[in-house]
Amino acid sequence: MKLNVDGLLVYFPYDYIYPEQFSYMLELKRALDAKGHCLLEMPSGTGKTTTLLSLIVAYMKAHPLDLTKLVYCSRTVPEIEKVMEELRKLMNYYEKEMGMEQNILGLALSSRKNLCIHPSVSKEREGKVVDGRCYSLTASFVRARHAADDAIPICEFYEGFDAHGKEFPLPPGVYNLDDLKEYGQMKGWCPYFLARYTITHANIVVYSYHYLLDPKIAEVVSKEITKTSVVVFDEAHNIDNVCIDSMSVKITKRLLDKCSNSIQLLETTISNMKENDSKRLEKEYKRLVEGLRDATIARETDMALVNPVLPSEVLEEAVPGTIRTAEHFVAFLKRVVEYVKTRLRVQHVVQESPAGFLRDIHTKVCIDRKPLRFTAERLASLIRTLEISDLTDFSPLVTVSHFATLVSTYTKGFTIIIEPFEDRAPTVSNPILYFSCLDSSIAIKPVFNRFQTVVITSGTLSPLDMYPKILDFHPVIMTSFTMTLARPCILPMIVSKGNDQVAMSSRYETREDTAVIRNYGNLLVEIAAAVPDGIVCFFTSYLYLETIVSSWYDQGIIDQLQRHKLLFIETQDAAETSLALINYIKACDNGRGAVLLSVARGKVSEGIDFDHHLGRAVLMFGIPYVYTQSRILRARLEYLRDQFQIRENDFLTFDAMRHAAQCLGRCMRGKTDYGIMVLADKRFSRADKRSKLPKWIQEHLKDTNCNLSTEECVQTCKRWLRQMAQPFSREDQLGISLLTLEQLQSEEMQKKIQQRAQGI
Amino acid sequence: MDDYQTCPKCKTTKYRNPAMILMVNACGHALCESCVELLFAKGSGACPECKCPLRRNNFRIQLFEDPAVDKEVDIRKRILKEFNKRQEDFPTLREYNDYLEEVETIIFNLVFDIDPTNTNKMIDNYKKENKDITQKNRNRQSQEEMELEELLEAEKAQQCEKANLYVNAELEEKKQKHKAREKLIDELMFSDADAKSIVASHAQATAALAKEQPKAAAQAGSGVVKSSKFSSGIQIGLRGHHTNSFLPIPKQEDLPLYRYTAPVFDYDGPPPPSIEMLGKLNYFANIRAANITERAGGYTEAMSCCRALQEAMGGLFYSPQSTHKTAVLATISTEDTDDMETT
């Protein structure tokens with residue numbers, strides 16, 4: 001249908017629209033008009049993706065000069081594919097309505113692993129291996145050697161692309177990963193490089209977060225994207241953690257040992273080269289003396305090594321004299337690695353600021369801050385000069401060089417923590433150095449500064465005001481949309497006590513209490529008896545899950561449970577978990593019914609949807625706080641408190657509640673769906689926790705359902721399930737939660753939408 | 001850890017003898033402590049590996065896994081004591097970098113025993129030439145070091161301050177909560193008023209307190225520089241303290257109160273109908289009505305109509321003589337009239 005969104009003609013590829021989708025478009029358009037960033041929360045299952053796409057495409061068509069590109073960041077490959085499907089639907093609709101080919105090019109980009117069509121390289125399983133092998137076939141010096149000697153293998157697909165691909169741009173259309181591969185096969189061009197080349201002139205690019213947020217990758221892939229782009233981060237409730245991870249480095253003993261090996265390899269290569277072909281080293285040396293930046297950096301295939309973000313004034317400067325020649329640099333690396341090794345030889349936990357680390361490295365091994373800062377850059381240059389084609393061995397050394405560069409560049413917002421052993425196994429020595437980023441705004445700042453509009457959206461972003469604080473930006477629009485529903489199809493309840501009136505809570509003091517465990521068990525058994533099909537349970541940690549399950553065995557609760565439903569358990573092993581999931585789905589599909597016990601923050605809680613009969617009820621046993629004794633977390637909390645005035649408890653609660661909401665949201669994947677959400681912890685009913693749930697859940701959480709016992713909870717469930725089991729058709733929804741074009745344009749609905757916009 | 005460390009002489013490993021300590025001397029070869037005692041009982045001797053003469057007191061505990069690094073660091077420290085020029089001592093960065101490389105080469109040569117005579121000569125030369133600078137630099141820290149020191153000190157100070165502050169604040173908060181609860185219970189016990197109203201007033205008081213708290217927290221953490229712009233580049237009021245602060249009220253000075261006087265407008269024409277009258281006089285019949293989006297911005301068709309009428313009627317009575325009403329106006333308008341006449 002064609003919509004008028006505040007004066008903008010929007011083609012919407014469906015015949016019906018949800019009211020909140022329309023409101024979402026209104027808000028999004030305002031943000032685009034203002035050229036500012038926005039933060040939008042809309043429940044999962046209400047068609048965020050298609051709403052975003054149709055509005056932004058319409059905006060691009062209407063204002064081709066103001067908005068030239070859409071960069072859509074998603075988390076996983078399946079999600080990217082889903083976005084591409086929606087986009088294809090939209091473009092088909094445009095074609096049907098306008099009656100001609102659309103001049104819009106949309107494509108997905110993923111790693112080489114997903115895009116390679118080289119007959120042998122593409123067989124590799126591991127991403128790093130594929131990258132390394134690709135590099136060894138396509139690096140510029142390999143190709144130069146091939147020109148001299150035909151026996152040296154190169155990738156014919158890359159050659160094809162290099163010879164012809166740049167003259168003929170990809171014809172307009174929508175290309176997902178498979179389409180790209182197919183197109184590459186047909187033309188004999190490398191799909192990966194084709195996609196990377198096409199990014200600069202494509203209208204819509206869909207790829208993973210890391211291509212923008214990880215400074216190491218963003219530098220190469222996303223450098224050329226214009227300012228007049230809109231960047232969308234979908235499912236962005238964890239965006240702060242992604243930012244932090246992309247800037248953090250973890251160094252183990254094993255990694256350092258591998259580093260020593262690669263340093264030796266470097267040494268021998270240098271001495272070989274000195275004997276045979278000293279010209280190249282001289283050339284590199286001269287270039288460094290002159291302070292010129294590497295000219296070959298422009299060559300796209302030589303991308304495997306890049307440096308993390310450096311202030312540009314540093315990049316302009318010449319490499320310091322101490323590490324200019326190759327041998328000196330290798331000796332320098334050796335000292336760095338040996339120094340870090342000595343640091344790992346600790347008996348107790350050490351926490352240090354980057355400044356402290358720099359001072360110590362200066363006194364111990366006489367390394368100044370400046371050469372440290374150039375480590376990553378210098379290493380990249382050296383490896384290029386040495387023409388080492390097998391890069392996989394060097395990744396540990398690259399990690400250390402990144403660490404060196406980062407630690408000497410940033411004195412604020414980072415901390416160094418050295419742990420001699422893991423907390424869980426204090427007898428096994430396993431020293432790890434964490435160089436941990438505490439400030440999520442560091443990684444995302446360039447994105448906010450560079451693009452005119454950044455949209456951060458997810459089903460669960462509550463409480464909204466936390467994100468601008470921790471990401472340190474000022475959105476022009478910050479809105480949470482609820483779901484308009486024709487019937488009360490979610491039933492959130494807070495169960496605070498068992499039938500014996502013992503309070504249920506996963507508090508540390510009471511969680512091992514048999515009464516609490518038994519009450520949790522009884523709750524699950526009774527719900528399993530009342531609720532049909534699938535039930536998903538979330539625990540706060542794997543450890544807690546295991547202790548509870550073992551006590552349930554002793555108490556006979558498992559037997560009772562299996563009388564009603566089959567039982568599946570998520571484990572830390574991904575393969576085991578996916579097997580359990582497959583069988584869980586099978587059991588739900590054939591009507592046997594099943595219970596899945598899983599863990600908040602685990603794989604199940606983060607990307608697997610339990611729509612309709614796969615998840616009729618979600619039980620959240622306890623509040624999923626993070627492991628608060630972790631030193632990295634402690635350091636981050638302290639930093640947040642000092643820099644952003646966020647109190648520790650506020651952040652912990654925020655983090656716990658967003659994960660809880662994420663878990664609860666698993667069972668609601670659309671408006672025809674219905675599900676029970678049980679929050680089994682006394683503490684959920686407190687105002688500070690309750691108010692942090694997303695608005696669309698809070699709306700249905702009545703005060704009467706906030707302090708239930710097991711018995712009361714089951715009674716409420718039964719009544720509600722009977723109501724939900726009534727036939728429900730599209731006609732029931734029409735006009736309330738689903739609108740036709742006429743209904744949307746009706747005065748009454750417009751008024752409602754206006755009110756909604758003002759009420760926010 | 002480091003279980004595989006072995007003494008090259010007696011072949012003891014760290015695994016078999018956890019108390020083993022490896023030592024290194026100037027030549028960069030390791031020996032375990034007991035071997036050192038045995039071989040160097042006289043106070044001096046030759047290294048069992050390279051046969052170079054060593055003194056016993058020069059043995060130090062090996063710090064790094066690779067004894068060669070120990071040796072290098074040792075030499076480096078020695079050399080850097082002499083070669084301590086700073087960037088400030090050089091006219092250009094390029095020369096400084098060349099100097100750094102030279103130092104590095106000297107160290108490298110010493111470590112690997114390349115060309116020892118020349119290297120030593122170079123060192124001696126340097127020592128002679130740069131005695132003054134070396135002396136001077138020894139007593140002063142480089143800029144970089146100073147920066148680091150400052151940073152560290154600032155960190156320390158901040159930590160002390162913050163730790164106390166937050167602990168106190170939290171304690172205070174807890175106390176207050178406790179007090180409030182006790183007060184409520186007391187009131188409920190002894191007061192004659194309606195229980196509901198007591199609870200309600202109590203809830204109000206706590207809400208007010210809760211509102212105040214973030215402010216206090218923000219004040220505690222003030223001094224942190226925050227960005228002062230919206231993402232679209234618009235300035236945010238007065239940042240730095242906290243977001244919902246008002247602009248400070250400008251200081252009033254004792255001036256005579258402002259009095260409004262209607263501006264006199266030299267219109268030179270028949271008065272146009274007022275904006276309210278336009279509709280009644282049926283002027284809108286000839287004008288495009290404003291559409292919905294235009295109205296949203298506060299625009300009505302009366303505005304443009306009124307302006308058109310003003311423009312049409314203004315200046316109808318104009319004649320060059322009658323304009324010389326005031327001196328100020330005249331100077332401006334004469335120029336205009338001149339232009340008019342010429343065109």
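Residues numbered from 1 in each chain as written. Chains lettered and ligands numbered in written order. Predicted model: local features only at pLDDT ≥ 70, side-chain atom pairs only at ≥ 80, totals over all residues. Heavy atoms only, no water.

A.B. asks: So what exactly am I meant to see when it comes to the interface of chain B and chain A here?
C.D. replies: As a measure of interface size, the accessible area lost when the parts come together is often cited. Across the boundary between the two partners, chain B contributes 47 residues, which contact 53 residues of chain A. Where chain B abuts chain A, roughly 4500 Å² becomes buried across the two surfaces, and 53% of that area is made up of carbon and sulfur atoms. Put simply, Arg647(A) and Glu173(B) hold a salt bridge, and the shortest N to O gap is 2.7 Å. Linking chain B with chain A are 14 residue pairs in polar contact (both at pLDDT 80 or more). Sorting the residues of the side of chain B that touches chain A by element identifies helix H2 (67-82), helix H3 (93-112), helix H6 (143-190) and helix H7 (195-220) of chain B as the ones contributing at least two each. (Contact = heavy atoms within 4.5 Å. Buried area = accessible area lost by both parts, 1.4 Å probe. Salt bridge = Lys/Arg side-chain N within 4 Å of Asp/Glu carboxyl O. Polar contact = N/O pair within 3.5 Å; in protein donor to acceptor, adjacent residues only side chain to side chain. Helix = DSSP H or I, 4+ residues; strand = E, 2+ residues; numbered from the N terminus.)

A.B. asks: Could you clarify how one ought to interpret the pattern of salt bridges in this entry?
C.D. replies: Two side chains of opposite charge can pair, provided their charged atoms sit close to one another. Residues and elements named next belong to chain A. Counted under the stated rule, the structure contains 55 salt bridges over all chains. A salt bridge links Glu327 to Lys274; the nearest nitrogen and oxygen atoms lie 2.3 Å apart. Residue Glu327 is located in helix H16 (residues 326-344), and its partner Lys274 is located in helix H13 (residues 253-276); the two are separated by 53 residues in the primary sequence. Assessed through its relative accessible area of 44%, Lys274 is described here as partly exposed. (Buried < 20%, exposed > 50% of the residue type's maximum accessible area, 1.4 Å probe, protein only.)

A.B. asks: Any chance you could explain a nonpolar patch on the surface here in plain terms?
C.D. replies: All names here are of chain B. Taken together, the side chains of Ile185, Met189 and Phe190 make up a nonpolar region of the molecular surface, amounting to roughly 350 Å² of accessible area. Relative to the elements of secondary structure, Ile185 occurs in helix H6. The exposure class assigned to Ile185 is partly exposed, which follows from its relative accessible area of 43%. (Patch = residues over 30% accessible without salt bridge, like charges linked within 9 Å, V, L, I, M, F, W, Y side chains within 5 Å. Areas by Shrake-Rupley, 256 points an atom, 1.4 Å probe, with all protein chains shown as cover.)

A.B. asks: Just to check I follow, could you spell out the UniProt feature "domain: RING-type" (unreviewed entry) in chain B for this structure?
C.D. replies: Per the UniProt annotation, the sites labelled "domain: RING-type" (unreviewed entry) are residues 7-51 of chain B. Across residues 7-51 of chain B, helical content stands at 16% and strand content at 20%; the span's end C-alpha atoms are separated by 16 Å. (UniProt positions renumbered as here; feature names shortened; annotations may be inferred.)

A.B. asks: Explanation requested: the UniProt feature "domain: Helicase ATP-binding" (unreviewed entry) in chain A in the structure shown.
C.D. replies: UniProt records the feature "domain: Helicase ATP-binding" (unreviewed entry) for residues 7-290 of chain A in the present numbering. Helix makes up 58% of residues 7-290 of chain A and strand 12%, and the two end C-alpha atoms of the span are 57 Å apart.

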